[in-house]
Structure formats: structure tokens, C-alpha cells
Amino acid sequence: MFSRAATFPIVTPGRTSRNLRTSSASGPAAVLPDLGSSATALRVRIKERISAVDAARGTSVSPFLIDAFNRQHNYLRISLTERCNLRCFYCMPSEGIELSPPEHILSDDEVIRLAALFVKSGVTKIRLTGGEPTVRKGIVDIVGRLNELRKLGLESIGMTTNGIALHRKLPALVQNGLTHLNISLDTLDPFKFEIMTRRMGHDAVLRSLHTALESRELQSVKLNVVVVKGLNDHEVPDFVEMTKDSRLSVRFIEFMPFTGNKWDKAKMVPSSELLTRIRERYPAARKGSDELNDTARSYIIPGHAGSFGFISSMSDHFCGSCNRLRLTADGQIKVCLFDAKEISLRDQMRSGMSDGALLDTIGRAVMGKKEKHAGMEDIDVVTNRPMILIGGVHRLSASRSIRRWPSTRVFDLIPTSCATPAVVRCFSTTVATGNSSGTASPNTPTPRLTHIDDSGHASMVDVAHKDPTSRAATASGRITIPKIAYELVTGESIVDEGDGRLTDAQAASVRKARAKGDVLTVAQLAGIMGCKRTAELIPLCHPLQLSHISVTLHPEVAYEDRPAADASTADARALAQGTRSDIGLRLFAARPVYSIVCRATVSCEGKTGVEMEALTAVSVGLLTVWDMLKAVAGREMAIGEIMVTRKEGGASGSFVRAAAHL
């Protein structure tokens, strides 16, 4: 054990020893400097908090975990994987990330060896992160092995998770020693959830949260909410309301800059502003007590079972009391979330280095920790890792990548249960496949919206990396029309305008319709022209060099059965049960249904499909029919059943709609 009033020499290879001295908790009171400036007052508060931390921790932290500013580091965050089953825009760059090769990821034994070394040196709290830690194979066993370190001084094992795959694993994790749980959920709106995460799964997260709150063994359940202006900041009071009846701590996190997340100061909502909004709804909200080294400033509302707080990394950083170190999934020690500098413990372990030598390396890294991170507009987002890779070095390995998963906006969401993947251009079914050592990831294709960028604005899909291939698509649709319109189009049994069988108004309508010309020919030409101009009509479609367009329209008459006017209900029911008597046959009369069916087939050699071109041709063709016949049938026509019936080519493959009756 070390005396906190003692001087500790830290000897590392290739350099002279350094002395660290901390103020004695029992020594004489220091003379406080002039508090005339807010900066001086802040420094004093920081020193007082550090002194309180020192007094609370006593002599249990090794000098190797004390930095040049006398901060003791007793909290280790371990990333278990770079993989994740969500694609949150503030964490994952829109262009995707390159995953570390499997052999670069720390094995279970390496994770436990380093964890034990840190615990022996004074770490009392370990938190498992990712990526998403629950997709790591053997996560339950890893927690169990970490739990064995309690005999060395470990006091708590926490985990930060998105909750997607947590529900079924949580009981076993708690049984094996998990004590603290943080779940990330940025919105209570399932549609907006898909915007922010580029995935579905809102219900799964809520189910995991409910399970966690019901667990009596968990000492703490917290909900992390990243707040982005104009996207979810109006939901803050609703999150606070969740603390009324549950022992939940909701923590609002300021939007932070990382590589690839297109951080913008204008998107960040300062915690002070959020607190003002909350107090408008909950004027009784007051400051709660904060734990030592806690990143969040906590608040409570009288009568509420839980609490809420703010992690103000940007507007009001807490660097002066930071006690955190990070171990990435590929074995790098990272002393600050916003500092790009890293040192590989993995390479030293695998070269046969002893625990003592590893501790020297850790000491060098800790001693290099800065007093505070850069200002919000000066943080390194070029050489530092994206958030998801705090865990993994950004490498160019095409075979091990998580590809781009563009974000969405609420008004563009389509229920995927009724969508066929690869049918329309607005869906992408590309998924990350393959497993790294010790990890597992979902590999079930899920349709995703692709025409929205990370900021929630409309964006054309980038197809520059694709090679041109043969593409083709067929679409069809139908417009139902009354008999008079059908006869006008086909020339079958149409009455003469002056034979007295039409009213004057009907005769005038027929003359007007005929004056527009051949309905089917005009509609065919309109469909072809509309097809060519799809990119002008549909804003985010790519302009394509079409090689062939075929548009056809043909009239159809179908007959549907309906009960005759004089048929009783009982008789109709008898017929429905299968009777074929003469009486039964007379109960139903066949009613003709007149319509015009439009089909369009389009092909090209291009980088993207032609489904939209085929659908546009059909839509414009049918709209033209409506325009040509509206004089005689404007109130009775209906357009419907527009669909893609066949698709050929493209990465998603070909298909034929099995139930296409058109």
C-alpha cells in the first residue's frame, strides 16, 4: 500500500524517474488564491474535488495510474468488439468503417490478463463497451471471469449497451456479476429511432430496459440519451417523465465530435439550455448529490423515484476530476476519449512482455494525459477514431468493413413488413457479414432507407463505386372505367351521338373525349416520355441512359359475381355453401368490370436499377388515360394496383412477383 503523502518514483525504460506528490488530506489548510476571476475559482473547485477524491480513495491506487495532474485512475472501460448491430449516425461514419482483422482483437484471456493487471494497480470499476458488447461471443463468461477479480479489489462491473440483443442475456449476465447497466436510447419514437440508428429495434430496447428495471440485483440502471438539436431535443421532458415511477437515471449527453459524424456546433444543445426547458415543466427540480468522479451532474424531482442528469463534455467539461482509462478492442490504451494518441498493450503482451513491463507502458500513457481536452471546435476528428472504433484502428481492409447505412427521416419510412427487399431503389439490403475472433454479428438482411444523409436531409445514393450491369424491370397498373368510357376507347357498340340514346350532356362529353384523339396511343407515348424523364420527376433518382422502353395498354373486361336484387340472404348463403341447383345459379348475376391495364418494361446498362423508370411509365400512362376520359368518366375512374412485377440484374438479384394478376 502506498502513502498518499509519499513521493513515488516512476521508473520507465529509457527515461529518468519522475516524482509525484499529492497534498496530504490531513495537512494544514492551503491558502486560497484570489477568487476574483471565474477561471481561478474553477481551478480551486477542481483542486478541492481532486482532494476529496484522494481522501476517498486513500492509498489504494498505484502510482502508475496517477497522472501529472495528480488524478487517480480507478475506472477502466474495456471495449470488447468493434462490431455493432446498430448504425447510429453520431457513432458510425456514413461511409462505414474498416474493422480490425480478427487476429488483432484481444482474446478473452488477454482481456482478463489486462483487467487483472489494472485491478491489482487500483482499478475498482470496470465497464464493458464496444461497438456493442452483447454481440461478443462469450460475453456472459467474460463477465463471470471478471467477477473473480473482486478478490483483488474490483467493486463493480458495468456495461453500456444499445439493448437490442440484451433481453435474453441479461439474467445470465447479472447472475455472473454484472452490477451496473447503461442502456442507450435517443428517442421514444420508433420511427425516429430508425432515423438515428439506421436500424429497426425500438421495441427490443424498451423490452431490455423493462427487464433491467425489474432486476433487483442490478445496483444501477441508467438511460443514455444523446441530444441533437432539431431531432430529439423536444423529447427531453418525456424522458424525464420516465423517472417518475421507476428507479431510472436518465442522462442527457451533449452531441460530441468524432471522426466521420459530421459534428456541427449548431446541432449541440448545451446542458444549461436543457435544464431550463426541464424546469419549465418541472419547476421543483433541484440539484442532487453527485458521486465522486461522476461525469454527470444529477438532478432530482420531489416525488420521482428516479433522477436525471447531464454529461456536458462540450459546454462544461469535467476533465479536472477524470478518473477514466480506455482499453480498445484491439488492445490499445487510450487515456482520453478525445485524444488520438494510443499505445498498444496487445503487441507488447504478444511479444512476451511481463506484467511489470506492461505496467511501465501504462504509466507512460497515463503520465502523458493532458490536463483537459481541446475545445469543442478544436477536437481532433481527423486522426482520432470514430466513436464505434474506440475499439479498433481505422484500416483499409475491403473484406472486413461495415458499409454505409444512410439515415432516414420519418416521412420517408415505409413499414418493412410490407416491403419486398430489392424491389425498389430506395431500399438497400447490404449487410455486414463475417465474424471477428470472439465476436458475433447479425447477418440477416434488413431493408434500409438510403436516400437520407446523416443530418436527416434528402441525399442521392452514391453509386460511383458500382460497375455497370444489365438491368431490366417490368411494372404494371390498372385504371377502372365505366362502360361508356370502355366503349369509347375500344369502339365496341358505342352509340352514335345523335341517335337519341344519349342525353345532350353525354353526347357533348363523347365529342369532347373523341376530340383528344386515340386514348391508348396518346397514353402509350406519354408513358414513354415520362419514363425518359424519371430523374426530373423523382428528385433523388439517377439519370440513366435507357436502352429500351416498351409501354402497352389494353382494355379488359372482367366479371365479378354479386347477389341478384331479388335473392334472399338465406338463399345466397346456401349458394356460398356450394349448392349448384338452378335456384342457386339464378341467385347471382355477373357484373362486368371495365378497365385498362398498362404495362411497361424498361432496360439499360447501368449502375442502378430501372424499377422507378418502369413505375413512372405506368403511372404517367394511366394518368393520361384518366385525362383523356375525364369528360365522360371523371367521377367513376380509379387508378390502382401499380407495382413492379419483375426485376432483373443488380446486386440484390432478380425476382418475379408470384401473385401478379395484371
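See above for the structure.
Residues numbered from 1 in each chain as written. Predicted model: local features only at pLDDT ≥ 70, side-chain atom pairs only at ≥ 80, totals over all residues. Heavy atoms only, no water.

Caption draft 1: Here's a closer look at the sheet that holds strand S7 (residues 180-184). Reading across from one edge, S10-S11-S12-S9-S8-S7-S6-S5-S3-S13-S14-S15 is the order of the 12 strands in this open sheet, with mixed pairing throughout. With one partner strand each, in any of the chains shown, strand S10 (286-287) and strand S15 (343-344) form the two edges of the open sheet. Pairing of S10 with strand S11 (residues 297-300), which is carried by 2 bridges, proceeds in the antiparallel orientation. In the sheet register, arginine 286 faces S11, and the bridge partner there is isoleucine 300. Running at roughly 160 degrees to S7, helix H6 (residues 202-214) makes contact with S7 and strand S8 (220-227) of the sheet. (Pairing = 2+ DSSP bridges. Helix = DSSP H or I, 4+ residues; strand = E, 2+ residues; numbered from the N terminus. Contact = heavy atoms within 4.5 Å. Axes fitted to C-alpha atoms, helices over the stretch in contact; angles between N-to-C directions.)

Caption draft 2: Here's a closer look at the pairing of strand S13 (residues 324-327). The alternating pattern of S13 places Arg324 and Arg326 and Leu325 and Leu327 on opposite faces, both of which are buried. Strand direction decides the pairing type here: strand S3 (residues 75-79) and S13, joined by 4 bridges, are parallel. Pairing of arginine 77 across the sheet is with arginine 326, part of S13. Hairpin geometry of S13 and strand S14 (residues 332-334) is characterised by an intervening segment of 4 residues between the two adjacent antiparallel strands and by a positive phi of about 85 degrees at glycine 331. (Buried < 20%, exposed > 50% of the residue type's maximum accessible area, 1.4 Å probe, protein only.)

Caption draft 3: Looking closely at the pattern of salt bridges. What the rule picks out here adds up to 17 salt bridges. Notably, a salt bridge pairs arginine 136 with aspartate 108, separated by 2.6 Å at the nearest N-O pair. Of this pair, arginine 136 sits in the loop between strand S5 (125-129) and helix H3 (139-147) while aspartate 108 is found in helix H2 (residues 108-120), placing the two residues 28 residues apart along the sequence. Where aspartate 627 meets lysine 630, a salt bridge forms, and the shortest distance between an N and an O atom there is 3.1 Å. In this pair, aspartate 627 and lysine 630 both sit in helix H17 (residues 611-633), 3 residues apart, roughly one turn of the helix. Given a relative accessible area of 39%, lysine 630 falls into the partly exposed group. Beyond isolated ion pairs, a larger network of salt bridges with shared partners links Asp233, Glu273 and Arg277. (Salt bridge = Lys/Arg side-chain N within 4 Å of Asp/Glu carboxyl O.)

Caption draft 4: A look at the packing of helix H11 (residues 483-490) against H17. Relative to each other, H11 and H17 sit at 130 degrees, their axes nearing to 9 Å. As judged from the angle between their axes, H11 and H17 are oblique. In the crossing of H11 with H17, the sense of the turn from one axis to the other is right-handed. The residues of H17 that touch H11, namely those facing Ile484, Ala485, Leu488 and Val489, are Leu629, Val632 and Ala633. Along the lines of polarity and charge, the residues of the contact of H11 with H17 split into 7 nonpolar, no polar and no charged. (Parallel < 35°, antiparallel > 145°, perpendicular 65-115°, else oblique. Left-handed = near helix turned anticlockwise from the far one by under 90°. Nonpolar A, V, L, I, M, F, W, Y, C, P; charged D, E, K, R; others polar.)

Caption draft 5: Main features of the packing of aromatic side chains. Taken as a whole, this structure holds 6 aromatic pairs when the rule is applied. Arranged with centres 6.4 Å apart and planes meeting at 75 degrees, the rings of phenylalanine 239 and phenylalanine 252 form a pair that is edge-to-face. Pair noted here: phenylalanine 239 is in helix H7 (residues 236-241) and phenylalanine 252 is in strand S9 (residues 249-254), with a separation of 13 residues, a long-range link. Phenylalanine 252 carries the same exposure label as phenylalanine 239, and that label is buried. Three or more aromatic residues link up through ring pairs in this structure, and these residues are Phe239, Phe252, Tyr299, Phe308 and Phe310. Positioned over the ring face of tyrosine 75 is lysine 125, at 4.5 Å from the centre of the ring. (Phe/Tyr/Trp six-rings, centres within 6.5 Å; stacked < 30°, edge-to-face > 60°. Lys NZ or Arg CZ within 6 Å of the ring centre and 35° of its normal.)

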